Amino acid sequence: MEKAVSCDTSRYHNLGAAEKCTEETEERSKKLFVPDVEIYCGTMRSLRRGAVALLRFITCVCALHRTSALNIPLEVLSYVNIEQLPTITDQSPSSLIAFPFDESFPVTCEAKGNPEPEFRWSKNGQEFDPSLDPRLIKEENSGTFVIPNNGNLTEYQGTYRCYASNKLGTAISREIEFIVPNVPKFPKEKHDPVVVEEGQPFTLQCNPPKGIPPLQIYWMTISLQHIEQDERVSTGLNGDLYFSHAIEKDSRRDYCCFAAFPKIRTIVQKTAMSVIVNTTNAILQRRPSLLTPSGDQSQQQLVKGEDLKLECIAEGIPTPQVEWLKIGHRLPPKAMKENHGKLLIVPKVNQDDSGKYMCKAKNGIGEAVHYFIVRVEEPPEWVFEPESQLSMVGSDVLIRCSATGTPKPAITWRVNGVLLQDSPAENRKFFDDTIVLYNAKASDSAVYQCEASNRHGTLLSNANIMVMNLPPMILTKEGEEYPPSTISWSKDESPDSIQVQELRSTVHDNGTLEIYSVEKGDTGQYTCWAKNIEGSSAIEAQLYVKDPTHIVVAPEDQQILIGNTAQLSCQAEYDKSFSDDFELLWEKDDVEIALNYTEDSRYLIEDGILHIVNVSHEDQGVYTCVARSSVDQDTASALLLVLDVPDAPENLVLTEHKGRSVKIKWIPGDDHNSSTTEFIIEYEESQWEPGNWKELLRVPGNHNSAILKLQGHVDYCFRVSGVNTVGRGAPSEPTERYKTPPAAPDKNPENIRIEGQLPHEMDINWEPLVPIEHNGPGLEYKVSYRQQDVDLVWTEHMVKRHSFVVKNTPTFAPYEIKIQAKNHQGWGPEPNIVLGYSGEDFPSAAPDDVAVEVLNSTVVKVSWIRVHRDKLHGHLGGYRINWWRLRSLVDSKKNHGEKFAVTFPGDHNYGTIPGLTPFSEYSLIVMTFNGRGNGPGSHPVNFKTPEGVPEKNPVFRVTDVQKHTVALAWAPPFEPNGILTGYLLEYQLINDTEEMEPLQTVDISNPLTTKWILRDLEPLSKYRFYLRSCTTVGCGPVVSEECSTASESTSTTTPPAGHSKSASLTPASVPKSRVTKPTRSTIGLTSSHEGISTQGWFIGLMSAVALLILSILIACFVNRNKGGKYSVKEKEDLHPDVESQGMNDDTFCEYSDNDEKPLKGSQQSLSREIKVGDSGDSLVDYGEEDAQFNEDGSFIGVYAGQKEKRAPVDIKDTAQIPA
């Protein structure tokens, strides 16, 4: 804030008056001391020492350098030849409208300064020089230019700003918008007549064009006679003409809407509209509903000072009356009602006029309400407008700018017309709403602009900041006098005066002390001192500063379903000294809610939350939270709307009985704050299904009548129910019964189906008419048919059932069929003709030129030539491929396997067969099929699949474990899928951390080998072994086994082959071996048997056994080489059965037939062979997405059988064991 200190020199009658003034001022300034503020006092003594004695009064000017400034008139500075910054003295308003009847439009900008300022303009943010346009009139020594009204003005439309500059700085004008209005016009349009039934509401829309406000709407006839308006008929704020209900005299053809724009002296007319009112004998009363506004609640924002206009126009019979309320308050005294009470006007609103308003439209039947949430916003207003200042060099200069408004204004700073951030200065700092120039220099002189703006307006202020040193000047005029006394304030008996704090307190001219933004620290006893040369007087006042009572969590508007629990929150803060007196109350519709806290009470307050249990319709209203202390209170209100399904419609009436049509009317029930979206009309008839209500019609929620189209010969009863967003309401009471006369059928049977179960028959079936569609007794059907393009005459039969069989028809011949309904009153409408076919027969031809293309070892593509349609004898179902395996190419013996089939629906000439066994010979046939069945098959085609990789070995196990050796045995794969070339055996050591050592590989090139001994292994170590069978294509999937070698004291041996029990093994029957660790008992048992091996009889027995085994091996080898190939039985005999060999419990083995992959360091070796082909072929992979399989040879989507059962393989100990 600013504080000027002055003294009255009239009390000093000598030439030293100025010096004494200085001394007194310095003394007084000590009492008004502001920290960091210097006080300067100067007189004209240094300028005109001799003139001091001639002056009666001298004013001492004391400047508080931080905040105070001296506004010296420009004339004074000019007189002493001091330069001054530019100042805008005149400018155009922010909006400049080019009315067509004005001759010219001056755009004004005038300014003063020393030196004289120069002017420039911007338009829409770009430089604009009026002198470059010869059509513009430019005034000398002025920034004003004139736009003449002699041509197209639209090119001058835009936003202008004036800049007035001299060498000290630049002042700017507000933004000036030059508006060139368009001539408003209604569009040319043709209106259909508005047809309305007597008693129903309707609206005529005006939709006026946009133009310069204000807008005035008039409804008149073509002859310029005003449309009479009253409680029933009225014009809305939007210009539409509303009719609460139509009467006969509303019918006319010349309703015209006129839109008047007074500022541009223009009136435009809309094309005339026509209204036709159909009279009726029954006009029912109905409860009110609002034509405008829509919904239950709306919001309205307006600017402070504008007129608030709220409108409610209702329809109903009788015509509703409208009442207005302000929730929680009385209507403002300045409020006015117009338009027969439908319009509420509150002129020049302010913040007190904000709140919730309610309009209520009532008649004798019911009422309708609408709530308005009104928010009053404000354009910017200055709180602290920046002021021009004259400051000394070296002082600190403060420039403050603050504005209030709703919404909060945005503040933009400029210096000399340039945005502050684009013109930096080292000694300039910005704090919140204040700019500080530290240690100001003369070069800091400038014009600072502060602009505050929100969506409702803009404020602009130019502050001239002059930094210079001035000699003393006399500014007072001769004859001025000063008050005879001075006023000061002290606090809490302090002898010093209260410090005049910056922007926080002010002592007014009348002595009043005003403290802004009171704080708790301001509490205390204040003393007012009045002093003059005669003495002093004082008065005391005690100030208590309390925290205001304030609601911090206010209740919010709610919509809640009936029967639920509503919760309204309210939390307040208050001064703790009022704890004993503070109370939090709740009111409903301005009546305090009584709380009895019984079991039956539905109101409960807990932690500031009002709970309303089992909400009912009576709980709807405005709830106000009142936070009250002994000195103040705060309130907050919320609207609680209870939602429910619509009430049942009432007063159902049937009118306009016209045989098979009737009009139904009803009065809608209360929609309970959720607008009715539709009405459902149901009927019940007494003959076919009495007591069963069925839906007949749905109509929009804004209708209360409907025309019902009915069936003949039915005794009807009707009821209506409403639907809103909550749900469907209860139905109304039923109407009286209404029986329609009989009539001919309105429709014929639908969903006619023509089928042929046998080749020379045609079955015709249809969906019969339901009983209510008979329209009378004696319903029959006429079935008419004829062969297409053969018969000219229809064959007709009358039947009462809903099916008919035509005998002795040609096979699969096209027929035209039509079915017509008939009863005792006559025939139904002419039926539509339906095309169908007689019964199908089996196809008589097979596909030709069947060819097979082998795609890979498991998939082939089959192609054929389609069967001609004449040979199909029916609708083409598709093609089917049957195939079977003849043999494996490993064997020469043929063995027909199980048949498989795949179906391709539709018209195809190729297909793929997946899932074949590699290295095999197959045969296939192709056939077509229709609805009757399969046709003949094609000639069989044989084909062979190429070699593939073998299957997994079914058996792989450890047969003997020693200290440094492990014996392995396996069985060949069931399906080698080619000629076996050998086996790939790999193994690796597993260390103590379960990590894998590098793989060791053994290539076994003899396919007859089924045993192997691995040597030079680490004792007491765990190993993993991998085995794969190989063909020339590659190696198959891996099978693995783990085992631990024995210690020095442990030895396990495999019993002789002659002592092995032979067994047949398959993959499913191979059990996993148990891994057992040696115990003390097993080790001791092994040691006790070591002495037997040194006995002579034992050595002889072992020699005989070895000789016998050698003889068997030689015999088998000779027999094998003799035949070259061997049968499956011989193959089985050659393979040892390792399952039956005795497994010592001392071995550390575990069998695994999983495809386990090696761990660290082993992947590279295992993957070095050719990758196993993916045998999981699918038809999708080969483009046959529609191929489908079935289980019986005609199946769709899956294979038609299981793979051939494989014979068990015996593993025998006659195979070679390489050393």
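Keep in mind it's a predicted model, so treat the numbers as computed, not measured. (Residues numbered from 1 in each chain as written. Predicted model: local features only at pLDDT ≥ 70, side-chain atom pairs only at ≥ 80, totals over all residues. Heavy atoms only, no water.)

(A) Molecular detail of the overall build of the protein chain. Each helix and strand in the protein chain was counted, giving 6 helices and 86 strands. For the protein chain, buried positions account for 45% of its 1219 residues. Taking the intrachain contacts of the protein chain between residues at least 6 apart in sequence as the baseline, contacts between residues at least 24 apart amount to 67%. Per element, the accessible surface of the protein chain, about 63,700 Å² overall, is 50% carbon and sulfur. (Helix = DSSP H or I, 4+ residues; strand = E, 2+ residues; numbered from the N terminus. Buried < 20%, exposed > 50% of the residue type's maximum accessible area, 1.4 Å probe, protein only. Contact = heavy atoms within 4.5 Å. Areas by Shrake-Rupley, 256 points an atom, 1.4 Å probe, with all protein chains shown as cover.)

(B) The arrangement of the state of the cysteines in detail. Per the counting criterion, the structure on display carries 6 disulfides. Each disulfide pairs two cysteine sulfurs, and for Cys 312 the partner residue is Cys 359, the sulfurs being separated by 1.8 Å. A torsion of -70 degrees about the S-S bond marks the disulfide between Cys 312 and Cys 359 as left-handed. With Cys 312 in the loop between strand S24 (308–311) and strand S25 (313–317) and Cys 359 in strand S29 (residues 355–362), the pair connects residues that are 47 residues apart, well separated along the chain. We note that Cys 312, like Cys 359, is buried. Cys 256 forms no disulfide, and the closest cysteine sulfur to it belongs to Cys 257, at a distance of 8.9 Å. (Disulfide = S-S within 2.5 Å.)

(C) View of the sheet that holds strand S47 (residues 566–569). Strand order in the open sheet made by the 3 strands is S47-S52-S51, with antiparallel pairing throughout. In the strand order of this sheet, the two ends are held by S47 and strand S51 (603–606), each with one partner. Direction aside, the axes of adjacent strands within the sheet are offset by 20 degrees on average. Here 4 bridges tie S51 to strand S52 (residues 609–612), and the two strands are oriented antiparallel to one another. What sits directly across from Ile 605, in S52, is Leu 610. (Pairing = 2+ DSSP bridges. Axes fitted to C-alpha atoms, helices over the stretch in contact; angles between N-to-C directions.)

(D) Examining empty space enclosed by the protein more closely. Enumeration over the complete set of coordinates arrives at 2 cavities of 30 Å³ or more. Taken as a whole, the largest cavity holds about 100 Å³ of empty space. Considering the residues around the largest cavity, the lining is formed by 14 residues, among which Gln 200, Leu 284, Arg 286, Lys 665 and Asn 704 are closest to the centre. With 3 residues, the single largest contributor to the lining of the largest cavity is strand S56 (residues 661–667). (1 Å grid on protein atoms, 1.4 Å probe; cavity = no way out; pocket = protein on both sides within 12 Å on 5 of 7 lines; lining within 4 Å. Points joined across faces, edges and corners; volume = space filled by probe spheres on them.)

(E) Inspection of the sheet that holds strand S32 (residues 397–400) at higher detail. As summarised here, the arrangement of the 3 strands in space is S32-S37-S36, forming an open sheet in which the pairing is antiparallel. With partners counted over all chains shown, the strands left at the sheet margins are S32 and strand S36 (428–431), one partner each. Taking the axes of each pair of neighbouring strands and ignoring which way they run, one obtains an average angle of 20 degrees across the sheet. Relative to strand S37 (residues 434–437), S32 runs antiparallel, the two being bridged by 4 bridges. Bridging from a neighbouring strand, Leu 398 pairs with Val 436 of S37.

(F) Highlighting a nonpolar patch on the surface. Taken together, the side chains of Leu 1107, Leu 1110 and Ile 1114 define a hydrophobic patch exposed on the protein surface, amounting to about 300 Å² of accessible area. For Leu 1107, the location among the structural elements is in helix H4 (residues 1096–1123). (Patch = residues over 30% accessible without salt bridge, like charges linked within 9 Å, V, L, I, M, F, W, Y side chains within 5 Å. Salt bridge = Lys/Arg side-chain N within 4 Å of Asp/Glu carboxyl O.)

(G) Main features of the environment of Ile 264. Mapping Ile 264 onto the fold places it in the loop between strand S19 (252–261) and strand S20 (266–269). Ignoring sequence-local partners within four residues, the contact set of Ile 264 consists of Phe 99, Pro 100, Phe 101, Pro 181, Pro 184 and Ile 212.

(H) Up close: the pairing of strand S44 (residues 535–543). As judged from the 9 bridges shared by strand S43 (residues 524–532) and S44, these two strands associate in the antiparallel manner. Looking across to S44, one finds that Asn 532 is bridged to Gly 535. Turn length for the S43-S44 hairpin, with the two strands adjacent in sequence and antiparallel, is 2 residues.

(I) Here's a closer look at the confidence of the model for the protein chain. Across the protein chain, the average pLDDT comes to 79, with 79% of residues at 70 or higher. Averaged over each element, pLDDT in the protein chain is lowest for strand S1 (residues 39–42) (28) and highest for strand S71 (residues 860–865) (96). Low pLDDT, under 50, characterises residues 1–71; the stretch is placed with 117 contacts to residues that sit more than four places away or in other chains. (pLDDT = per-residue confidence, 0-100.)

(J) The environment of Glu 197, seen in detail. Within the secondary structure layout, Glu 197 lies in strand S14 (residues 194–197). Classification of Glu 197 by relative accessible area gives buried; the value is 17%. Distance in space between the C-alpha atoms of Glu 197 and His 245 is 9.1 Å, their sequence separation being 48 residues. With residues near it in sequence (within four places) discarded, Glu 197 still touches Ala 246, Val 277, Asn 278, Thr 280, Lys 663 and Lys 665.

(K) Summary view of unusual backbone geometry. Backbone torsion omega between Asn 114 and Pro 115 reads 10 degrees, so that peptide bond is classified as cis. Mapped onto the elements, Pro 115 comes out in the loop between strand S6 (109–114) and strand S7 (118–123). In this model, Thr 406 is joined to Pro 407 through a cis peptide bond whose omega is -5 degrees. Structurally, Pro 407 is set in the loop between strand S33 (402–406) and strand S34 (410–415).

(L) Main features of the packing of aromatic side chains. The tally for this structure, following the rule as stated, stands at 26 aromatic pairs. Judged by centre distance (5.5 Å) and plane angle (75 degrees), the ring pair of Phe 128 and Tyr 160 falls under edge-to-face. Note that Phe 128 is positioned in strand S8 (residues 126–128) and Tyr 160 in strand S11 (residues 158–165), a separation of 32 residues in sequence. Its relative accessible area of 17% is what places Phe 128 among the buried residues. Ring centres of Phe 812 and Tyr 837 lie 4.5 Å apart, and the angle between their planes is 15 degrees; this geometry places the pair in the stacked category. With a gap of 25 residues between them, Phe 812 in the loop between strand S66 (803–807) and strand S67 (814–823) and Tyr 837 in strand S69 (residues 834–837) connect regions that are remote in the sequence. Its end group placed over the ring of Phe 101, Arg 265 keeps NZ or CZ at 3.5 Å from the ring centre. Its end group placed over the ring of Tyr 910, Lys 861 keeps NZ or CZ at 4.7 Å from the ring centre. (Phe/Tyr/Trp six-rings, centres within 6.5 Å; stacked < 30°, edge-to-face > 60°. Lys NZ or Arg CZ within 6 Å of the ring centre and 35° of its normal.)

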